[in-house]
Amino acid sequence: MAAPEERELTAEQTEKLLQFQDLTGIESMDQCRHTLEQHNWNIEGLLGWGYYLIMLPFRLTYYTLLDIFRCALRFIRPDPRSRVTDPVGDIVSFIHMFEEKYGRLHPVFYQGTYSQALNDAKRELRFLLVYLHGDDHQDSDEFCRNTLCAPEVITLINTRMLFWACSTNKPEGYRVSQALRENTYPFLAMIMLRDRRMTVVGRLEGLIQPDDLINQLTFIMDANQTYLVSERLEREERNQTQVLRQQQDEAYLASLRADQEKERKKKEERERKKRKEEEVQQQMLAEERRRQTLQEEKERKSECLPPEPHPDDPQSVKIIFKLPNDSRVERRFHFTQSLTVIHDFLFSLKESPEKFQIEANFPRRVLPCLPTEEWPNPPTLQEAGLNHTEVLFVQDLTDD
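What comes next concerns the included structure. The model shown is predicted, which means the values in this text are computed figures rather than measured ones. Here the residue numbers are simple positions, counted from 1 along each chain's written sequence. Selection of residues for local features in this predicted model requires a pLDDT of at least 70, selection of side-chain atom pairs for listing and counting requires 80 or more, and totals for whole chains, interfaces and linings are taken over all residues. Excluding hydrogens and water, the side-chain figures rest on all heavy atoms present in the structure.

**Structural notes on the environment of Val-108**
Inspection of the secondary structure puts Val-108 in the loop between α4 (87–102) and α5 (114–124). Taking the relative accessible area as the measure of exposure, Val-108 reaches 56% and is therefore exposed. A C-alpha to C-alpha distance of 8.1 Å links Val-108 and Ile-157, two positions 49 residues apart in sequence. The contact criterion used is simple: two residues touch if any of their non-hydrogen atoms lie within 4.5 Å. For Val-108, the contacting residues outside a window of four places in its chain are Asn-158 and Phe-163. Secondary structure follows DSSP: runs of H or I at least 4 residues long count as helices, runs of E at least 2 residues long count as strands, and numbering of each begins at the N terminus. Accessibility here uses a 1.4 Å probe with only protein chains present; expressed as a share of the type maximum, an area under 20% marks a residue as buried, one over 50% as exposed, and anything in between as partly exposed.

**Quick word on α5**
Considered for burial, the residues of α5 that qualify are Tyr-114, Ala-117, Leu-118, Asp-120 and Ala-121. The arc that holds the buried residues of α5, viewed along the axis, is 165°, so those residues lie on one side. Count one or two residues on from α5 and you reach Leu-125, which has phi positive near 55°. As used here, the arc belongs to the directions running from the helix axis to the C-beta atoms.

**Quick word on unusual backbone geometry**
A cis amide bond links Tyr-185 to the next residue, Pro-186, at an omega of -5°. Topologically, Pro-186 is positioned in the loop between α8 (171–180) and β3 (187–194). Here the bond from Phe-362 into Pro-363 is cis, since omega is -10°, no more than 30 degrees from zero. Within the secondary structure layout, Pro-363 lies in the loop between β7 (356–361) and β8 (364–366). Look at Asp-195: it is not a glycine, yet its phi comes out positive at around 55°. If you trace the backbone, Asp-195 turns up in the loop between β3 and β4 (197–205). A positive phi is found at Arg-196, a non-glycine position, where the angle reads about 70°. Considering the arrangement of structural elements, one finds Arg-196 in the loop between β3 and β4. The exposure class of Arg-196 is exposed, given its relative accessible area of 54%.

**Concerning helix α7 (residues 151–160)**
For α7, the complete set of buried residues consists of Val-153, Ile-154, Leu-156 and Ile-157. Each buried residue of α7 lies within a common arc of 165° when the element is viewed along its axis, so the set occupies one face. Exposed residues lying more than 90 degrees from the buried face of α7 are Pro-151 and Thr-159. Those residues of α7 that are buried lie in contact with β1 (127–133), α6 (140–148), β2 (161–167) and α9 (210–304).

**Observations concerning the sheet that holds β3**
Criterion used throughout: strands pair if DSSP finds at least two bridges between them. One open sheet accounts for 4 strands, arranged β2-β1-β3-β4; its pairing is mixed. The outermost strands of the open sheet, each flanked by one partner alone, are β2 and β4. Averaged over all pairs of adjacent strands, the angle between their axes in this sheet comes to 20°, without regard to strand direction. Sheet analysis places β1 next to β2, joined by 7 bridges and oriented parallel. Counted as the bridge partner of Tyr-131 is Ala-165 from β2. Together, β1 and β2 form the strand contacts of α7, whose direction differs from that of β2 by roughly 115°. Set on the sheet, α8 makes contact with β1, β2, β3 and β4; between it and β1 the angle comes to about 110°. To get an axis, fit a line to the C-alpha atoms, keeping to the stretch in contact for a helix; angles then go from 0 to 180 degrees between the N-to-C directions.

Have a look at this one:
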């Protein structure tokens, strides 16, 4: 376990440490760090370009032949694990197997697909620790029983990261294995959001003790914590920008709705005034037509009136009409003429109201000048009891 007094590494030292471990194949991160510190972190002087150039062809040849062999084997005999039909079922099955074999005291397994785990780690800006279990490997049992289920390892994993695991014998585990390309077991990969994409920032292969696992996981997280902090700040800034833009959009929409509402009310007011003006115009036209019709009717009635009898005619009746405007009109009629003639005469006058009735005073009565149910045929002046000289009153009924 690393001593408490060891200082934190710089980003450059972290990069050299990972490069040195990758070149040498030394599993212990502490041993790599100790060796580099003894040589003042001079990785070029420590290994030398000659060693690197000498080993490079062998490394390229080894991995190239290994890839060719794997590809040919898959072509000759397709692996049944390559068909993933129930990824969640694969995860649940592995968890049940793990608990039956190693007990329920273990880190909290992510119960979802690898893709879902990646998405959650990206969304929550958390580290994702991936464990690929090799069922047939000699070190798998010891790692699971003594390292992965150690209380201090469980505490670290549960509090600092998401933990996804599956057996490579399961299609989902095999698919992830093809993506991560592990070399041996036990295999752990630390994944995080870095430079806007999910990136493997640490790989641990082979049997490892609890203290070393804690140290290396902590080292990887500390070396990459700044990326998560930066991403959180950028995401917060993006969120604030989005919230601000949303508020601006909402304010714009509210203003737009207010303007639209004002325009709608103005339009309604214009339409209301227009309808009112049209109604007034229609009323004026109707009134004009009514007056024209009334005038034409007055003229027709006037033309149809029988001639006025001569004053010396013994059958003539002199009638003085008192109009509602206090004016007087005088005319002679014949005793044998219907009371309708009296009405038509008054109707033809400009001074007369449109609707009226004619009243006599002695006795006081309304003369039936127009046909009614009671008087279908209005009586003659003589039948109505009029004298040779009469004063009749015209009563305005227009308002009624």
